[in-house]
Amino acid sequence: MSTFKRAFLCVTRKRGKTLLLFTILLTMATFVLTGLSVGKAAQTAQRRLRQSLGGSFDIFVDWENSPYVIRETVRDGVDEETGKIITSYIMYSTKQFTPEDVAAIRKIPEVKYCSARFENLTPFTGISLFPGTIPVDEKHANETKTLGVCDSRDDVLFTSGTLALTDGRHITADDRHTALISQDLAQRNELEIGDSIITHSYNAEEDAYTGKEIRVQIIGLFAPAALEPFGETVTAYDKIQNRIFVDLASSLEMDGGKQHYGFSALHVTVEDPENINQVMTDVKALPIIDWDAFTVEADNETYENAAAPLRALHELTLTLLTVIIASAAILLTLVLTLWTKARIHETGVLLSMGIRKTAIIGQYLTEVLLIAVLAFGLSGFTSSVMTEKIGSRLSAQSIQTKSAKDDSTFAAAADVGADSLIQNLMPAENDIRILVEADSLACLYLIGFAIIITAVSASSIPIMRLKPQEILSKMN
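These figures come from a predicted structure and were not determined experimentally.

Draft legend 1. Seen up close, the confidence of the model for the protein. Here the protein averages 78 in pLDDT, and 77% of its residues register 70 or above. Confidence scores differ between elements of the protein, with helix 11 (residues 395–414) showing the lowest mean pLDDT of 45 and strand 7 (residues 178–182) the highest of 95. The low-confidence segment residues 399–430 (pLDDT under 50) makes 64 contacts with residues lying over four places distant or belonging to another chain.

What follows is the structure, given as structure tokens:
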């Protein structure tokens, strides 16, 4: 009679023991499969969270230690209340980031965006702006915030979803005398793509934009995701509909040469926050950038706060899996050891028939495996019930993750002075869905079979070490 046939007959005839072992294996498999499914769901949620939130760091002029920083006295004045002389200064760096620096950073693997901008307040001839809710000085009444960019696609207002291009194209590093304006501002002033708007360069002697005429062509229109709430306090030049993007060269031309060509700060977004330290190291290794002038500061707090609960869940799942697997192996070994000792008579008979010890162990192993195949298969259903309940308990965690993601969007807008304008709630991409999948079931079979093989081998050692004569004496 073959080993498999003997094992099959033993399993079908000893129904009580078979049912008990089936229950033990089903319970073990259910907990292991649930742990595997929860662990995989936590990993998937972490990966989606990293992709949606991203990580970022800032590179900016080291105003304290850079040898290129210059401080100049602008003018002296007298405080009307105290009568003390007040001296005003300006600080600037003769070393700036160039578009070539931005391009070099963009080429680094894992870099998603590299946002660079130069801001100033500029009046445009004949442009009617949307009024703000805060009065401003007469000098700035007709001015709006002009953002000089290297590539508008990478600007944080667009990458955060605060603004979206609705028509035309973005500004690139090769553009000159180009602009993006809001579609609301275009409608208000009856402008369209291809039209030009006019401003003048800054005249330091008159402290006004009365220098040479600068004409920029509208190449694209954008729309804000949301406007400031009713009653929100905002100046006209800070209203999102009034902002105008121009290329860097035009922006510096409007500035009248007060600043050196380039950017004083960059905002770098990486694909995976887990790799932010490596990306920062790669950026610092770029020889094109003079690191005596600049410093780097990481901004990964939003991701770390959002990912902490998911990371804790994953670590807890691994710990529970380890405990469950170890406990299952010990329990199964104890049960099989007791059963093996109870089968001394059967073992002696098989040995007397000339059946080798390895074949007897193979029979015992086959018996357990036959029961395990059925138990592990059924655990897919029992585990699904458990994972469904666990998933509903974790719904609150999904809400917290979504809230953290929204906060990151608000923070990105706040960095550019538009925190009161952001109301666009992004979809919940990080909800945890716990599913019992085929790969988890396959992993269960591998783990379960390893436990069974270990348990059967360990439980058979005491009997298999005995000689036939010793087995017969124990039988008597």
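Having seen the structure, we can now continue with the description.
Draft legend 2. Examining helix 3 (residues 99–106) more closely. Of the residues making up helix 3, those classed as buried are P99, D101, V102, A104 and I105. The inward-facing, buried residues of helix 3 abut strand 1 (55–61), strand 4 (111–123), helix 6 (248–254), strand 11 (265–270) and helix 7 (276–284).

Draft legend 3. Spotlight on the pattern of salt bridges. Counted under the stated rule, the structure contains ten salt bridges. Here R106 ties to D154 by a salt bridge, and the two come within 2.4 Å at their closest N and O atoms. Of this pair, R106 sits in helix 3 while D154 sits in the loop between strand 5 (143–149) and helix 4 (156–159); the two residues are 48 residues apart in sequence, bridging distant segments of the chain. Using a relative accessible area of 28% as the deciding quantity, one classes R106 as partly exposed. Its relative accessible area of 8% is what places D154 among the buried residues. Salt-bridge contacts for R215 lead to E213; the nearest nitrogen and oxygen are separated by 3.4 Å. According to the relative accessible area criterion, R215 is partly exposed, its value standing at 45%. Residue E213 is classed as partly exposed on the basis of its relative accessible area, which comes to 48%.

Draft legend 4. Just the side chain of T366, in detail. Structurally, T366 is set in helix 10 (residues 357–393). A distance of 2.6 Å separates a polar side-chain atom of T366 from the backbone oxygen of G362. Contacts of T366, omitting those with residues within four sequence positions, involve T3, F4 and A7.

Criteria and thresholds
Residues numbered from 1 in each chain as written. Predicted model: local features only at pLDDT ≥ 70, side-chain atom pairs only at ≥ 80, totals over all residues. Heavy atoms only, no water. pLDDT = per-residue confidence, 0-100. Helix = DSSP H or I, 4+ residues; strand = E, 2+ residues; numbered from the N terminus. Contact = heavy atoms within 4.5 Å. Buried < 20%, exposed > 50% of the residue type's maximum accessible area, 1.4 Å probe, protein only. Salt bridge = Lys/Arg side-chain N within 4 Å of Asp/Glu carboxyl O. Polar contact = N/O pair within 3.5 Å; in protein donor to acceptor, adjacent residues only side chain to side chain.

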